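# Structure assessment
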Amino acid sequence: MKKPETQATLYVVGNLNVDLIMSTLHQWPKKGTEAMLDSSSLRPGGSAGNCALALAALGTPHRLVANQGNDQFTGWLASLFPESAPYWPTANCETSLTFGVTHPDHERTFFSNQGNIVRLNMDDVLLQLPSEATPGDWVLLCGTFLCTRLFQQYASLLAALKQRGYQVVVDSGWPPQDWSDALRQQIAPWLPYCDALLLNEVETLGMANGKTLDESAAHLLAHMAPGAFMVAKCGPDGARLWSAGESSHQTADAVTVVDTIGAGDSFNAGFLSALVYGLDHQQALQWGVCVAGSAISSNPRKYPNWQTLLSLTAEKQ
């Protein structure tokens, strides 16, 4: 089966940090004591970092648009993204670090510092992107509320990206301050520049302040760019997509869950890879669900190659 050809590139903009994940914490320790856990993993992370790792494994033309700190982690992170790192500006601060513990029910608790991601700004991003998009290029903005300086510039950034000819998709994540009417008013100016949103169920409901996914999707689409679409990632129930002319659902195969961290970012990589290769929305949903399912059911993490994805989508047509 022949690999699709494309001249397009996916640019992933947002939070790149170091993740230290430890497992399994059965109960919170008392103050002043020490707890021994079974396993640990030190790895690149953040929404942008997770997505870029998946894209590299898939062989999708991409670039990770980020910044870096200035400490012992700087060289290590750069070595893992050799084609993107030469473009990254260096902030004179510590690298953003997330420490996470997993619980017996696979839920996680995260603790994060601020570090380099809160210093990423609009100039940093635009200097790393071609001044004119190639047809089919996408820019994914993720880790929206964690990149605090960039978030304040979102309306101007999205307008500049559209002026350069890019298709723009946002995966905002959940705001640490929680959703509020004030925050919804803050994002209203940049929604009209969005060609797509890639959210999970609770983010969709929160951003729209809606009661159902259908109602929330309709509300958000009414404020987005002409011809836009939005996706809700629904975990074991797969994913749903809405646009002005369609509504579709892709189920997910049952898998044994090993590690859910970055599941949505892996979905983004699969979904947007399909669009970069010129496939339709339904095939993009299939790719996204497949990549996410492979990611969360493997340790060390594994991703399907393009032949596997094309075979799976062919079988489901």
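Residues numbered from 1 in each chain as written. Predicted model: local features only at pLDDT ≥ 70, side-chain atom pairs only at ≥ 80, totals over all residues. Heavy atoms only, no water.

- The chain is annotated in an unreviewed UniProt entry as Carbohydrate kinase family protein of Ewingella americana.

## Points about the pattern of salt bridges
- In total, this model carries four salt bridges according to the counting rule given.
- A salt bridge links Asp171 to Lys233, with the shortest nitrogen-to-oxygen separation between them at 3.0 Å. Residue Asp171 is located in strand β8 (residues 167-171), and its partner Lys233 is located in strand β10 (residues 229-233); the two are separated by 62 residues in the primary sequence.
- In this structure, Asp214 and Arg240 form a salt bridge, with 2.7 Å as the shortest nitrogen-oxygen distance. (Salt bridge = Lys/Arg side-chain N within 4 Å of Asp/Glu carboxyl O. Helix = DSSP H or I, 4+ residues; strand = E, 2+ residues; numbered from the N terminus.)

## Things to note about the side chain of Asp265
- Locating Asp265 in the fold gives a position in helix α9 (residues 263-276).
- In this structure Asp265 is buried but unpaired, with Lys233 as the nearest side chain of opposite charge at 5.7 Å.
- Those residues within four positions of Asp265 in sequence are excluded, and the remaining contacts are Gly46, Ser47, Asn50, Cys51 and Asp171. (Buried < 20%, exposed > 50% of the residue type's maximum accessible area, 1.4 Å probe, protein only. Lys, Arg positive; Asp, Glu negative; His and termini not counted. Contact = heavy atoms within 4.5 Å.)

## So, unusual backbone geometry
- In this model, Ser23 is joined to Thr24 through a cis peptide bond whose omega is -5°.
- Relative to the helices and strands, Thr24 resides in the loop between β2 (17-23) and β3 (39-45).
- The phi angle at Asp178 is positive, at roughly 70°, despite the residue not being glycine.
- For Asp178, the position within the fold is in the loop between β8 and α6 (181-187).
- Phi is positive for Asn209, close to 55°, though the residue is something other than glycine.
- Along the chain, Asn209 turns up in the loop between α7 (201-208) and α8 (213-221).

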